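Each chain, written out:
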Protein chains: 2
Amino acid sequence: MKYVYAFSEGNKDLKDLLGGKGANLAEMTNMGLPVPPGFVITTEACRTYLRTGVEPPELGPEIDKHLAALEAATGRRLGQADDPLLVAVRSGGASSMPGMMETVLDVGLTDSSVLGLARVTGDDRFAWDSYRRLIHMFATTVLGIDGAHFDTVFDERKHLRGTASDVGLDTRDLQAVVAAFQDVVREHTGHDFPQDPHEQLTMAVRAVFASWNSPRAATYRHREHIPADLGTAVSVVAMVFGNLGAGSGSGVAFTRDPATGEKGVYGDYLENAQGEDVVAGIRNTLPLTELEHLDPRSYHRLREIMATLEHHYRDLCDVEFTIERGTLWMLQTRVGKRTAAAAFVIACQLLDEGLIDADEALRRVTGDQLAQLMFPRFDSAAAAKVLTVGMNASPGAATGAVVFDSPTAVARASAGERVILVRNETTPDDLDGMIAAQGVLTSRGGRTSHAAVVARGMGTTCVCGAEELDIDVAGRRLTGPGGVVVAEGELISIDGGTGEVFLGEVPVVRSPVVDYFEGALDPGSPQAGELVRSVHRLMTHADARRRLEVRANADTAENAGRARRFGAKGIGLARTEHMFLGDRREHVERLVLADTDAGRDAALAVLLPLQRNDFVELFSAMDGLPVTIRLLDPPLHEFLPDLTTLAVRVALAQERGTPVERDVALLGAVRRLHEENPMLGLRGVRLGIAVPGLFGMQVRAIAQAAATATRAGIDVRPEIMIPLVGAAAELHDVAAEITAVLDEEAAATGIRLDAPLGTMIELPRAALTAGSIAETARFFSFGTNDLTQTTWGFSRDDVEGSFFSRYLDHGIFAASPFETLDVEGVGRLIALAATEGRAVRPDLQLGVCGEHGGDPDSVHFFHRAGLDYVSCSPFRVPVARLEAGRAALSGPVGP
Amino acid sequence: MKYVYAFSEGNKDLKDLLGGKGANLAEMTNMGLPVPPGFVITTEACRTYLRTGVEPPELGPEIDKHLAALEAATGRRLGQADDPLLVAVRSGGASSMPGMMETVLDVGLTDSSVLGLARVTGDDRFAWDSYRRLIHMFATTVLGIDGAHFDTVFDERKHLRGTASDVGLDTRDLQAVVAAFQDVVREHTGHDFPQDPHEQLTMAVRAVFASWNSPRAATYRHREHIPADLGTAVSVVAMVFGNLGAGSGSGVAFTRDPATGEKGVYGDYLENAQGEDVVAGIRNTLPLTELEHLDPRSYHRLREIMATLEHHYRDLCDVEFTIERGTLWMLQTRVGKRTAAAAFVIACQLLDEGLIDADEALRRVTGDQLAQLMFPRFDSAAAAKVLTVGMNASPGAATGAVVFDSPTAVARASAGERVILVRNETTPDDLDGMIAAQGVLTSRGGRTSHAAVVARGMGTTCVCGAEELDIDVAGRRLTGPGGVVVAEGELISIDGGTGEVFLGEVPVVRSPVVDYFEGALDPGSPQAGELVRSVHRLMTHADARRRLEVRANADTAENAGRARRFGAKGIGLARTEHMFLGDRREHVERLVLADTDAGRDAALAVLLPLQRNDFVELFSAMDGLPVTIRLLDPPLHEFLPDLTTLAVRVALAQERGTPVERDVALLGAVRRLHEENPMLGLRGVRLGIAVPGLFGMQVRAIAQAAATATRAGIDVRPEIMIPLVGAAAELHDVAAEITAVLDEEAAATGIRLDAPLGTMIELPRAALTAGSIAETARFFSFGTNDLTQTTWGFSRDDVEGSFFSRYLDHGIFAASPFETLDVEGVGRLIALAATEGRAVRPDLQLGVCGEHGGDPDSVHFFHRAGLDYVSCSPFRVPVARLEAGRAALSGPVGP
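In this report, we go over the structure that sits alongside the text. From a predicted model like this one, the values you see are computed outputs, not experimental measurements.

**Observations concerning the relation of the copies chain B and chain A**
Superposition of chain B onto chain A requires a rotation of 179 degrees combined with a translation of 0.1 Å along the rotation axis, giving an RMSD of 0.4 Å. Here the symmetry operator amounts to a two-fold rotation axis. Of the interface residues in chain B, 100% have counterparts in chain A that sit at the interface too, so the contact is made through matching surfaces.

What follows is the structure, encoded as structure tokens:
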């Protein structure tokens, strides 16, 4: 086991061992780029230290060996009195955890070497300022002393000298500060600040190891689902100094614009500063282009290096660099984060530049990014005033009047007002308000908070954890940074995609990407920008690559039409219950109240022509494409008034002596049909078997509509789907009735409808007995919503608001199983049903029509499970197409 | 393929091919017993006929061959004019379907052979009576003529002769009747009654084939779950005549008393009669013992034959026989049906007689029979008057006032009256009444009717399909056979084990078998009868044989004590929610209404000592045995008032200006906690994670109770069980809290409780991820009730009354999956979880605590699945013990 790697021994693929930072420093070293010399202590060493409490015995000697090499390379020795080698000791795990772990700079400075540094650099003030920094950083990080003690000392000195900035302190001030800092250390630890440079190094390395388990790092990992046992690597790098006067400085840069993907020079530069100062924002930075004037040689060298890196990494890179008295040093690089728009644009640029092929370009974008691009956005041209920025918890752009509680939200919303519900955090009590609001804004909690989970579940825009806001519910107002006050009723706008909160109403613009999908924007036209052209190119490639077909869930001709424009190759789920709503409820009430067979049949007869017309419209919109029609699924009482509301109304009317006969009758029926657990009640195929004629009426309407549409020259392709089947015998029973009706209609219309009969697989038992169900079913459509509910034994309506946020926080879920398919449980059932169904009927058609059909991760699973298609809401069709294409790149199909 | 078997070619193991009757006739023939010669046409021939509409071509020649042999054996020819061979053509499938299919006797009689028969027998009247019988039977069975036409003719003739009985008709009368019968045949078919004996035979065989598919046979098979495609065999047997005067007769007999098992002579005999007359009850039969005086030779021969049969079949047999002028003929035998009590007694008798071994004796009794013996019974000594007999749909003995609708049942029951709900049939609307009633009686529907299914689900006594009752709901009375009228409010008694309905109140006696299990009756004492001794012997053997341990579900010390006396080796499920009921509801309300952590903790603190005391009692009752305690499972709102009731109360109070503050607060909480699907809501482990301190309080109570009991010298063995786990991480989360509490209590009490932590497996996902759950769980207990609900996606409360009866009727269920485990779906998950759990933790303890733990069929499955124990209600413990013993006889464990 090797615990220490010289930079020249590593490469970028060793992230797990060397951390992201260390691996990339090694890579740049081997590319011949100017990286300060150094070495990396592996994550394995850290893991051993954390597990056993001591370093592996080999670690000390290995560090000594590499330190010796470092000393040889630099011609200096660590902390040597006359010309000291100083090192930075930096943390860095395999995954980026920005600011979560510790770093100690200037290790090697002591009471004697500080003098040597001053002499060598010819800069007394610089040397003592560096020593001041080391003691502060070492004391807080390594020795665990509260930083406030040092701030007090420093502030006192500045006060004494009548200066607000540390620039106002001279060498003598800094010497006094160092002495005072050393007193603080002595006072809190009982020991002097260590004067042995090797002891400093050893202690710093241990402190970095230990910082892996600091509470904030643990919390961060938990939230980001980073395993807790990876450990951090430690880079030990020779210090270079950007703070050695005017010819020195530090900066950060991107190889392309991470916001738009545009090529050019993007970055910031700060003269006479260390990298820490750039990030801390103590002084205003300069645009990187200014460096061309300040130090043209370094500037052009940096541009060259950035071009080299982009070619080497074949992607947008960001870098950190320091110029020490005219010498450029690269301190970090990595593949840079970017916006969704930039991801598409850059992928196509790199493709055009020949750096990557089309498959790789497709891998570089995600369905989540595409979905972000499809949301309406605040008009970036508008001069909107940002109040604060929170976490982007549920995408979208929403504007409304601020309200501070749920009843107010409901009241104002019912009056037609758009509202934004603002809370410190939401609880299940806020559910009604969240439903009524355009958007939700909270000051506490992250992406797994109650507000975030519920809002995502409802598709409501949400910004959460906007910690700068002080929310005064009693005072009906909130206060933002700079004392900006927003009173209840005033307008704000929130961007759930960026986390921004704006004062007032911000104009919303429609996404050009949606215009493109709608066919309203030709990607070849001049009006289409680079983004739309890029989306078009990658969608085209995804369509060419994907094996999974994409259908849409749509119940109306309008939605069906949109789905078709968005690229759906059929309807995977047309819910017929929507055809029982609105004015038609009264017919359902008649059906339920019927106490004779004749009354029931009469009620069904009235519904028949209504359903038929709905189907004719649907078939017309989907001319030539399959339309999977699900027969009635929900329990009948779902179409009736709410029990409690009705019971109170009837009780009050009786109390007042004004009972309404119909209400009383209806209350009886509602009570009779009431179910403790309607999700687990008389619905789906059970209803079809229990209410004679109901499914028959629906199938008759389908057959008649098909005949009508066929005569009108439309190519109709209905598929009849039975919901909630748990046993083959149920399907068999219903199939007999359906066949009889189709025979009758064939005789009556002269047109025989050969509609495949299939079933939802949405109960565990259906999956477990898929083989026998496949004897009757010609297709399966996995209803992943219900299958998730029954496999886990929870109902989305009841639990998402009650304990999901806690489960996400505790890490019990990595993601809500209603957003991303639970592969281990639900996925296992799907794979099993697919395999056993196909074993019985090799041409069994397999699809999925739950909401997971439009979820990127889930689409990859469905591809692997060998399904034929996914079906999702029309708006998610492009996302599914893209991800289906990406899934096809991953390799062969199989569990 | 051979379609016809001579009796000498068959044996009793060929039931599938020859039918039960044919196979046993063959067996008796080969035993050398006096069976009239004959042959059997196979079920295969029937199946071919039913499938293709024609007999297999080989059938005719084969029948001819066997008929020829029969003629040779008897020295007669079929329908020969001077001395005719007559045959009986009898149906008989593999399973007994009494009276459901057809039989034609006296085939071979014609206008000429009737004269020959008269001459040979020297009995004109007998010959013409036989011919009359043939035409009637042939016409109705083979030709499909309504029997009423013949009854009319016959009745007219009796009227003419002024006689009420057919004995009053002489030869001339019967000749006139035959002529008139032939006219009826001619009139309805356009043809003469066939005078070709072979044509009669061919047509009779076809008619028997066809009777397999008669509506009543199909209905019967459906109800009894006999496959529809087996077909019937047809026996063709030389006729023997019990109606040839005083030296002839027919009878039925049992080798032992089928009611009690007592040895002796049991049966009925009717002189000068055919078997049909015995069954029809035209004349009063004589006790079989009378035959000893009438025909000692035949009597003793019969006793010998019965002893031979019992030895041969090694079981109780019943027989049908005919004596023709002093010659005894055996017409049928089979292993006889018997009561539950007789089953136990006979099994032990046969064991003592050396006919069977102890394993076989155990195979001869069932858990269902044992359960029947444990119900309280009507005192058989009481001179109860039977009103009618219906179907025994749900066992038990109930007495109460007759009521004819559900509201009346509820009203009278709330007033403290015991009622029997009497309906033509029940519907979901009758549910409240069924709950309120002691018993349910219906005049329509079988064992899968709504009334039967729901009553069995509730454990309520039920007799259904008592078709003789005329129920007049409007007139509030019922009329039974003989015009007996029972008005609403009058007492009746129903026996759900026998189907009997008695007038008035019948005294109920406690079962001596329960006294035995309770330890109140020593099986070795003289007070214990043969039944109790037999039960004891077979239970002892079952206990010796079984591998499955039996525990009980019990929440109170009282139930725990009973369970222990009944043989439970521990508690498999102690539900703690029962400890939150009664007076303690107010503490739960306080817990729910608490809006601060302190308030919540205070409410929990009050519950702690109450729970602790409950546990101390439970541990004391189960000293030395394991007690599996399930932490709180139901949603908290289950302890609060019903939403609708409370909402109406509050609305009315507000209307009246008298609002109650606590009610208003409570209504808020109830609304907040309301769940659309509580079964799928915030319960079980979710509640434990969502309500901090709740599970901790329960575990603390367990630990403190264990310490208290241990100090009192009690050997406590609690096991802590977490309900509703769906993911390993949930259990892991809770395990950490539990360990912390146990550590605290160990420190506080000085007694460390090492309680195994385990989980219910009651969600499909738990079964599917059992491997990872077993990393934390030391035991699994399969909650088959919830697992059935989630696997099928239906809730017992909601669906049992709404569509189960239809599903049972349609054959979608063979049995309610809540009564008998659904092996194909739920069982597959159990087997999978058992295998994958044990793969991770080989010593994983596996049990089941759903109601299936006490169901005979299910116990066999649990044995095969390799579980360690079943747990069921205390009363079912003996049933589970017995069936676990029987299961162990079936062979090795394995899926």
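**Examining the sheet that holds strand E11 (residues 317–324) of chain B**
All names here are of chain B. One open sheet accounts for 5 strands, arranged E10-E9-E8-E11-E12; its pairing is antiparallel. Lying at the two open borders of the sheet, with one neighbouring strand each, are strand E10 (286–287) and strand E12 (327–335). As judged from the 7 bridges shared by strand E8 (residues 249–256) and strand E9 (residues 263–271), these two strands associate in the antiparallel manner. Each residue of the ladder has a partner; that of Val252, found in E9, is Asp268.

**A closer look at the interface of chain B and chain A**
Across the contact, 56 residues belong to chain B and 56 residues belong to chain A. When chain B packs against chain A, close to 5,100 Å² is buried across both sides, 58% of that on carbon and sulfur atoms. Here Glu824 of chain A ties to Arg765 of chain B by a salt bridge, and the two come within 3.3 Å at their closest N and O atoms. For the pair chain B and chain A, the number of links is 29 residue pairs in polar contact (both at pLDDT 80 or more). If you tally residues by element for the side of chain B that touches chain A, the top one is helix H24 (residues 643–655) of chain B, at 7 residues. Its residues placed into classes, the side of chain B that touches chain A shows 26 nonpolar, 13 polar and 17 charged.

**Here's the deal with the pattern of salt bridges**
All names here are of chain A. Evaluation of the coordinates by the stated rule reveals 129 salt bridges over all chains. One salt bridge connects Lys12 with Asp13, and the closest N-O pair in it is separated by 3.8 Å. Overall, the relative accessible area of 27% leaves Lys12 in the partly exposed class. A salt bridge links Arg90 to Glu276; the shortest N-O distance between them is 3.8 Å. Taken together, the residues Arg90 in strand E5 (residues 87–92) and Glu276 in helix H10 (residues 275–280) connect sequence positions 186 residues apart. Through salt bridges with shared partners, a single ionic network connects Asp315, Arg338, Glu360, Arg363 and Arg364.

**Side note on helix H23 (residues 597–621) of chain B**
All names here are of chain B. Here H23 spans 36 Å end to end across 25 residues, near enough to the 36 Å set by a 1.5 Å rise per residue. Most pronounced at Leu608, the bend in H23 amounts to some 25 degrees, and the proline Pro609 follows within four residues. For H23, the set of buried residues is Arg600, Ala603, Leu604, Leu607, Leu608, Gln611, Asp614, Phe615, Val616, Leu618 and Phe619.

Reading the values: the criteria
Residues numbered from 1 in each chain as written. Chains lettered and ligands numbered in written order. Predicted model: local features only at pLDDT ≥ 70, side-chain atom pairs only at ≥ 80, totals over all residues. Heavy atoms only, no water. Least-squares fit on C-alpha atoms with pLDDT ≥ 70 in both. Contact = heavy atoms within 4.5 Å. Pairing = 2+ DSSP bridges. Helix = DSSP H or I, 4+ residues; strand = E, 2+ residues; numbered from the N terminus. Buried area = accessible area lost by both parts, 1.4 Å probe. Salt bridge = Lys/Arg side-chain N within 4 Å of Asp/Glu carboxyl O. Polar contact = N/O pair within 3.5 Å; in protein donor to acceptor, adjacent residues only side chain to side chain. Nonpolar A, V, L, I, M, F, W, Y, C, P; charged D, E, K, R; others polar. Buried < 20%, exposed > 50% of the residue type's maximum accessible area, 1.4 Å probe, protein only. Expected span 1.5 Å × (residues − 1). Bend = angle between axes of the 7 residues up to and from the residue.

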